[in-house]
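# Structure assessment
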Amino acid sequence: MELRLAALAILGAFGGCLINAAIDAWAWQPRRVSPWLRRSASAPSRKWLDRLPMIGWWRLRREAKLHGTGFWIRPLAIELACGIGLAALYRFEVMQLGLIAPQLPAGLPPIDPASVAGVAHAQFASHAILAALMLIASFIDIDERLIPDQVTVLGTLLGLLLASLLPMAFLPQVTERLAQPSIGTQIQRPGGAPVIGPQGGTLYVEPIHAAAPNDWPETLRGRSGPALVVGLACFWLWCFALTRRIWRGRRGPIFALQLITARLVRDLRSQPLFAIWLGGTLAVFVVWLIGGGAWIGLLTALIGLVVSGGIVWIIRIVGTAAMRREAMGFGDVTLMMMIGTFLGWQAGLVIFFLAPLPALVIGLGQLLLRRGDVIPYGPFLCLAAAAVVVAWPTVWDRTILVFGVPHLLAAVLLVCFVMLGVMLYVWQIVKRVLFGIEFE
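Residues numbered from 1 in each chain as written. Predicted model: local features only at pLDDT ≥ 70, side-chain atom pairs only at ≥ 80, totals over all residues. Heavy atoms only, no water.

Counting buried positions over the six residues of strand 1 (residues 172-177) gives five, a clear majority of the element. With six bridges joining them, strand 1 and strand 3 (residues 202-207) adopt antiparallel strand pairing. The partner of arginine 177 across the bridge, within strand 3, is threonine 202. (Buried < 20%, exposed > 50% of the residue type's maximum accessible area, 1.4 Å probe, protein only. Helix = DSSP H or I, 4+ residues; strand = E, 2+ residues; numbered from the N terminus. Pairing = 2+ DSSP bridges.)

A cluster of nonpolar residues, Leu414, Val418, Val422, Tyr425, Val426 and Ile429, forms a patch on the protein surface that exposes about 550 Å² of accessible area. Within the fold, valine 422 resides in helix 15 (residues 406-435). (Patch = residues over 30% accessible without salt bridge, like charges linked within 9 Å, V, L, I, M, F, W, Y side chains within 5 Å. Areas by Shrake-Rupley, 256 points an atom, 1.4 Å probe, with all protein chains shown as cover. Salt bridge = Lys/Arg side-chain N within 4 Å of Asp/Glu carboxyl O.)

Note that leucine 18 resides in helix 1 (residues 2-25). Linking leucine 18 and isoleucine 100, residues 82 residues apart in sequence, is a C-alpha distance of 31 Å.

With that out of the way, let us pick up unusual backbone geometry. Along the chain, alanine 212 connects to proline 213 via a cis peptide bond; the corresponding omega equals 10°. Along the chain, the position of proline 213 falls in the loop between strand 3 and helix 7 (225-241). Non-glycine residue arginine 145 carries a positive phi angle of around 60°. Position of arginine 145 among the secondary structure elements: in the loop between helix 5 (117-144) and helix 6 (149-165). Residue classification places arginine 145 among the partly exposed positions, given a relative accessible area of 45%. The phi angle at arginine 223 is positive, at roughly 65°, despite the residue not being glycine. Here arginine 223 is to be found in the loop between strand 3 and helix 7.

Tallied over the entire structure, the rule returns two cavities of 30 Å³ or more. Looking at the largest cavity, its volume works out to about 40 Å³. Taken together, Ser126, Gly159, Leu162, Ala163, Leu166, Ala169, Phe170, Thr341 and Phe342 make up the lining of the largest cavity. When contributions to the lining of the largest cavity are tallied by element, the ones reaching two or more residues are helix 6 and helix 11 (330-354). Element by element, the count of residues in the lining of the largest cavity is highest for helix 6, at three residues. Of the residues that constitute the lining of the largest cavity, the class distribution is six nonpolar, three polar and no charged. (1 Å grid on protein atoms, 1.4 Å probe; cavity = no way out; pocket = protein on both sides within 12 Å on 5 of 7 lines; lining within 4 Å. Points joined across faces, edges and corners; volume = space filled by probe spheres on them. Nonpolar A, V, L, I, M, F, W, Y, C, P; charged D, E, K, R; others polar.)

Read across the sheet, three strands follow the order 1-3-2 without closing on themselves; strand pairing throughout is antiparallel. Two strands in the sheet have a free side with no partner beyond their single neighbour: strand 1 and strand 2 (185-186).

Describing an aromatic ring pair means giving the distance of the ring centres and the angle of the ring planes. Counted according to the given criterion, the structure contains twelve aromatic pairs. On the numbers, 6.1 Å between centres and 40° between planes, the contact of phenylalanine 274 with tryptophan 277 is tilted. Here phenylalanine 274 and its partner tryptophan 277 are both found in helix 9 (residues 273-290), three residues apart, which amounts to about one turn of the helix. A connected cluster of aromatic rings, assembled from ring pairs, spans Trp345, Trp392, Trp396 and Phe403. (Phe/Tyr/Trp six-rings, centres within 6.5 Å; stacked < 30°, edge-to-face > 60°.)

Written out as structure tokens, the structure reads:
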């Protein structure tokens, strides 16, 4: 195990090299600082030793006159954190079964870790990929106050593919059932005997699918008309989110609608969005025909995409109306769509309630220091997503009853959106009265 963790630490450090390269290359104003990018006039003398994790950045201190004092500290720290973090994540999710073991009922006999090893490895791979994408998005957002589509579009497509191939990669729930669930892995004792729960049923590890904690409905199974309609509607909504949707209402709503429709058609016919739309539509149809776990996983990811991103989209609309300026960038919406494909809509709702807490503290600090009230929100969404993954057994135990009553959940969200609009409007008044200026 120690050798495996050491190998993962090395792999994570090299993954950090690629993350640093992506941060430099995908920014709005790309920089040729990373030794993994092509040479340029600003970096003329790179050597192979400069590409080694951490050691390379220590060597690149010689270019401080070109890039600024201390430019090498952050990328070195990222590579170190990626190496340690990947090994720690593997130890937590695979070796300790940190997302599964805490959900087991108390007083059970020892289980065979090998019976759920495949599930744990799938979850580890999914969360490692998501963590890398969130690191790239967070640091670009910190630097430039934007999240590029290269990160979120690629991440969303990877999440949809992973959900189709490895539906067990979603966050887990331990259930007790008398019959085999639609998708799940049986928990066994050493020797192969199933583990029996307190109610006399067999224990399974199931993914948090779109209907959890309820059973998957028959109407959403593969090869049913409603299921295909829901899947395609979710995917097309994501494609619509990638188009330009600027509303020009000065000449009336009819003209504005005609203009936005023309732009929508033009964007959908352009590359690469047309290829994504057509290829994705065909892929959704094929997985729908296959059915089974692949369809449950894909539809779960698509619903997670729409619900998680849709919440932030609504916040953006409400906040913009209340504050009379853009409340947050649309990159935050596409970022949450990406996170939703990996974690599902239930985790997305928890992230929605957690992310504002640290953001509020930082925002108030900036306001008191009179540095404005504009902060990058993407890093806080990513931080909340990481916290939800690590604390998932506790999170699921405390929210499972709420998620089991969709109508109550919808009512709570509606009240939250209304309260948010009122609070933001009042906050604008407070800022004007206390500080006497409007912050941008």
